[in-house]
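Each chain is listed here by its residues.
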Amino acid sequence: MKNIQLSRIQWISLVALRMIIGWHFLYEGVAKLLKGNWSAYGFLMESKWIFADLFRWMAGQPALLEVVNAANIWGLILIGLGLMLGAFTRLAAAGGILLIALYYLCNPPFVGLFYSIPAEGNYIFINKNIVELAALVVLLLIPTQQMAGVDRILAKLLKKSPRNPAS
Amino acid sequence: MSEEKPKATCGKKIDRRDFLQGLAGVPVLGAFALAALKQESYRRSRKAQAVASGAAQGGAADLNVALLGVGAQGDVLLNSMLKIPGLRFRAVCDIWSEYNLRRAANLLKKYGHEVNSYEDYRDMLDKETGLDAVIIATPDFWHAEHTVACLQAGLHVYCEKEMSNTLEGARRMVQAARATGKLLQIGHQRRSNPRYIFTHDVLLRELNLLGRMVTAGGQWNRSAAPDLGWPKKYEIPAGRLRQYGFNSMHQFTNWRWYKNLGGGPIVDLGSHQIDVFSWFLGVNPKSVMASGGTDYYDPATHEWYDTVLAIYEYETPRGTVRAHYKTQTTNGSLGYYEQFMGDQGTLVLSESSQIGAVYREKTRAGSWDEWVRKGYLGEPKIIETRADDTARDSLDVRETISPDEHKIALSFFDPYHKPHLENFFNAVRGHATLNCPAQTGYESAVAVLKVNEAVEAKRTLYFTPEEFHV
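Here's a quick rundown of the structure.

The rules behind these values
Residues numbered from 1 in each chain as written. Chains lettered and ligands numbered in written order. Predicted model: local features only at pLDDT ≥ 70, side-chain atom pairs only at ≥ 80, totals over all residues. Buried ≥ 20, exposed ≤ 12 C-beta atoms within 10 Å, placed from the backbone. Helix = DSSP H or I, 4+ residues; strand = E, 2+ residues; numbered from the N terminus. Pairing = 2+ DSSP bridges. Axes fitted to C-alpha atoms, helices over the stretch in contact; angles between N-to-C directions. Parallel < 35°, antiparallel > 145°, perpendicular 65-115°, else oblique. Left-handed = near helix turned anticlockwise from the far one by under 90°. Contact = placed C-beta atoms within 7 Å. Nonpolar A, V, L, I, M, F, W, Y, C, P; charged D, E, K, R; others polar. Core = buried A, V, L, I, M, F, W, Y, C linked by C-beta atoms within 7 Å. Domains from an automatic or database assignment. Expected span 1.5 Å × (residues − 1).

Regarding the pairing of strand β12 (residues 345-349) of chain B
All names here are of chain B.
Reasoning step 1: Of the two faces of β12, the one lined by G345, L347 and L349 is fully buried and the one lined by T346 and V348 carries no buried residue.
Reasoning step 2: Between strand β11 (residues 336-342) and β12, which pair antiparallel and follow one another directly, the connecting turn spans 2 residues.
Reasoning step 3: Here β12 runs beside strand β13 (residues 356-360); their pairing, made up of 5 bridges, is antiparallel. Note that in β13 the partner of V348 across the bridge is A357.
Reasoning step 4: Connecting the antiparallel pair β12 and β13 is a turn made up of 6 residues.

Re the packing of helix α1 (residues 8-35) of chain A against helix α6 (residues 128-141) of chain A
All names here are of chain A.
Reasoning step 1: Remark: α1 packs on α6, axes separated minimally by 10 Å, with the N-to-C direction vectors making an angle of 130°. Classified by the interaxial angle, the pair formed by α1 and α6 is oblique. Remark: the crossing between α1 and α6 carries left-handed chirality. Every residue of α6 that contacts α1 at L17, R18 and I21 is listed here: E132, A135, L136 and L139.
Reasoning step 2: Grouping the constituent residues of the contact of α1 with α6 by class yields 5 nonpolar, no polar and 2 charged.

What about the sheet that holds β12 of chain B?
Residues and elements named next belong to chain B.
Reasoning step 1: Spatially, 9 strands are ordered β16-β13-β12-β11-β7-β10-β9-β8-β17 in an open sheet, and the strand pairing comes out mixed. Lying at the two open borders of the sheet, with one neighbouring strand each, are β16 (404-407) and β17 (461-462).
Reasoning step 2: Pairing of strand β9 (residues 307-316) with strand β10 (residues 319-328), which is carried by 10 bridges, proceeds in the antiparallel orientation. Counted as the bridge partner of V308 is T327 from β10.
Reasoning step 3: Lying on the sheet, helix α13 (residues 270-281) is in contact with β7 (213-221), β8 (285-293), β9, β10 and β11; it crosses β7 at an angle near 165°.
Reasoning step 4: Sheet contacts for helix α16 (residues 438-457): β8, β9 and β17; angle to β8, the most-contacted strand, approximately 55°.

Points about the nonpolar core
Reasoning step 1: Among the nonpolar cores identified, the biggest contains 113 residues, and L67, V92, A133, V134, I135, V157 and M173 of chain B are the most heavily contacted of them.
Reasoning step 2: At 10 residues, the largest contribution of residues to this core is made by α16 of chain B.
Reasoning step 3: Each of domain 1 (54-190) and domain 2 (191-468) of chain B gives at least three residues to this core.
Reasoning step 4: Residue contacts for V92 of chain B: discarding those within four places in its chain leaves L67, V70, L101, A104, A105, L108, V115 and S117 of chain B.
Reasoning step 5: Counting residues in each nonpolar core, the second largest holds 30 residues, with L26, L76, I79 and L139 of chain A among its members.

What to know about the environment of L204 of chain B
Residue and element names in this part refer to chain B.
Reasoning step 1: Among the structural elements, L204 can be located in helix α9 (residues 194-206).
Reasoning step 2: When the 21 C-beta atoms within 10 Å are taken as the criterion, L204 is described as buried.
Reasoning step 3: For the pair formed by L204 and L347, sequence separation is 143 residues and the distance between their alpha carbons is 9.2 Å.
Reasoning step 4: Setting aside its immediate chain neighbours within four residues, L204 contacts T199, L209, L210 and F280.

Observations concerning helix α4 (residues 62-85) of chain A
Reasoning step 1: The terminal C-alpha atoms of α4 of chain A, which comprises 24 residues, lie 34 Å apart, in line with the 34 Å expected from a rise of 1.5 Å per residue.
Reasoning step 2: Positioned one or two residues after α4 of chain A, G86 of chain A has a phi angle of 70°, which is positive.

Observations concerning the sheet that holds strand β4 (residues 133-136) of chain B
Residues and elements named next belong to chain B.
Reasoning step 1: Strand order in the open sheet formed by 6 strands is β3-β2-β1-β4-β5-β6, and the pairing between neighbours is parallel. The sheet is open, and its two edges are formed by β3 (116-118) and β6 (184-186), each paired on a single side. Neighbour-to-neighbour, the strand axes of this sheet turn through a mean angle of 20°, independent of strand direction.
Reasoning step 2: In the packing of helix α5 (residues 100-110) onto the sheet, contacts are made with β1 (63-68), β2 (87-93) and β3, and the angle to β2 comes to roughly 160°.

Quick word on unusual backbone geometry
Reasoning step 1: Cis peptide bonds are those with omega within 30 degrees of zero, and the linkage from K161 of chain B to E162 of chain B qualifies with -5°.
Reasoning step 2: Relative to the helices and strands, E162 of chain B is located in the loop between β5 (156-159) and α8 (167-180).
Reasoning step 3: Positioned with a positive phi, F125 of chain A is a non-glycine residue whose angle comes to about 70°.
Reasoning step 4: Mapping F125 of chain A onto the fold places it in the loop between α5 (89-106) and α6.
Reasoning step 5: Backbone geometry at L334 of chain B places phi at a positive 70°, although glycine is not the residue there.
Reasoning step 6: Relative to the helices and strands, L334 of chain B is located in the loop between β10 and β11.

Okay, here's the thing in structure tokens:
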């Protein structure tokens with residue numbers, strides 16, 4: 001397949017997409033942190049589908065739930081910072097994909113599943129989690145951090161050959 | 001459109017372009033920080049407004065609240081109320097000034113409520129002006145005196161169940177509420193629980209999922225536990241204990257087990273669920289028989305029965321319903337729940353969010369698919385089993401023997417008492433009607449207190465319709 005080079009505006013769009021998603025992750029984490037008593041308990045207990053027992057079991061273990069809460073909050077914050085600044089971007093994108101995949105599997109919008117936590121829209125199979133996950137897959141594969149991001153400087157400092165973003 | 005390929009930076013010094021593009025995210029992060037700080041500032045401001053006094057902040061809707069009794073149950077209510085906006089706590093009263101009173105006042109101080117502390121409720125009612133409501137969580141034998149005094153002082157009252165340890169006391173509470181025109185909510189909190197309301201209003205009344213109900217049941221099992229202790233250095237002086245009706249610190253901390261002070265487990269635990277029987281069946285009971293005794297604990301310190309089994313009869317418009325209830329305090333297995341069985345289905349429900357399902361009687365009930373599609377019920381979980389070994393020669397089929405299990409689609413994860421307290425405060429503001437007003441609480445007390453009488457009488461006791469009226 002012939003290589004396709006992206007125009008400047010296309011690169012800028014992709015960098016903007018990365019920062020927008022980073023902003024979302026970061027504020028989700030910061031808001032939970034500032035709230036002080038936030039817990040994933042309600043979300044986990046609402047779980048449906050084949051992993052429901054696992055997620056509910058996690059919710060029922062106080063010590064494990066503490067770990068889940070902390071991992072979620074700090075995961076969101078670190079992923080958000082990574083995406084926004086373009087630092088350790090691929091790791092951040094992969095982490096984001098994993099986190100969102102877990103959210104999706106906990107409460108999937110499948111046919112016949114109904115949730116008491118109200119959603120702001122109507123979904124069947126595809127919800128906004130999946131859209132954000134797909135965008136992160138794009139950002140994992142296209143190295144926008146070499147266009148704009150701390151990784152551009154890190155790559156030079158470490159004298160590591162960056163991947164040609166257009167190839 | 002010009003095409004660009006980002007320049008490879010390998011092996012070169014960091015130039016101005018690298019620097020600018022490398023740190024392109026920093027201004028965005030700065031904008032984020034500004035937005036997040038501003039948002040947090042607004043959030044804190046709103047929270048402060050919610051707890052600030054109505055007078056100081058001009059928030060006419062804020063309610064001034066006092067707490068009367070802040071032991072274990074008062075603490076539960078307080079922690080729920082701290083999650084309800086629009087309340088300003090003004091005063092706390094508890095005879096254990098060395099411990100409970102200090103603990104509650106300190107907790108409220110952490111949340112920005114400077115409260116006045118009182119040992120005697122009369123002192124509080126004399127000195128506190130501008131109160132709107134009082135939350136009473138004292139031992140049952142004090143409920144009537146405390147509630148009547150607060151109502152007569154012009155305050156709305158939320159009083160924990162059991163309404164009183166005597167029907168005479170409960171009657172005085174109803175009469176005082178009527179005479180003063182003030183609100184009196186009794187703490188049967190399931191009456192405001194969204195799952196219970198949904199089950200009653202939609203599944204039972206609107207959809208009639210169970211069909212003709214014939215039996216009901218309920219239980220509350222608790223593990224054996226030692227008597228409640230107390231920190232010796234905070235003991236209440238003997239004179240003050242006697243002044244408030246207690247012989248000892250043991251009796252003060254374990255009042256629920258003593259006759260004339262509480263009602264024992266059937267009242268502490270059973271009254272919640274027996275109240276649900278009447279609510280869901282829509283009628284008060286016709287009769288009750290019961291067996292009970294102090295079979296496990298020391299009767300000297302456990303005057304009320306540690307184990308009680310009761311059977312009620314209800315005459316509903318659709319026919320007789322018989323209900324059994326068990327409470328025991330020596331084994332916590334199987335927990336607590338209520339169940340209702342009709343010819344088309346079975347309901348099992350509990351305040352615990354883990355329990356809540358209806359089971360379809362396949363031979364009698366029509367399809368419930370529509371209710372699943374509408375989100376009233378979860379997808380059916382079909383329990384199947386193989387025919388047993390002896391039948392295998394002739395039967396090579398999968399035989400479905402159990403009814404389909406459907407989880408109730410509505411979940412509830414807030415503290416159990418919060419919606420009932422919210423209902424009370426909304427009613428005080430004129431935005432709601434009470435879910436468990438004095439008359440309803442009284443009817444429940446009549447049904448529950450009769451169990452202890454039936455244990456003593458060792459025979460079936462009958463209720464007259466007049467007994468439920470004040």
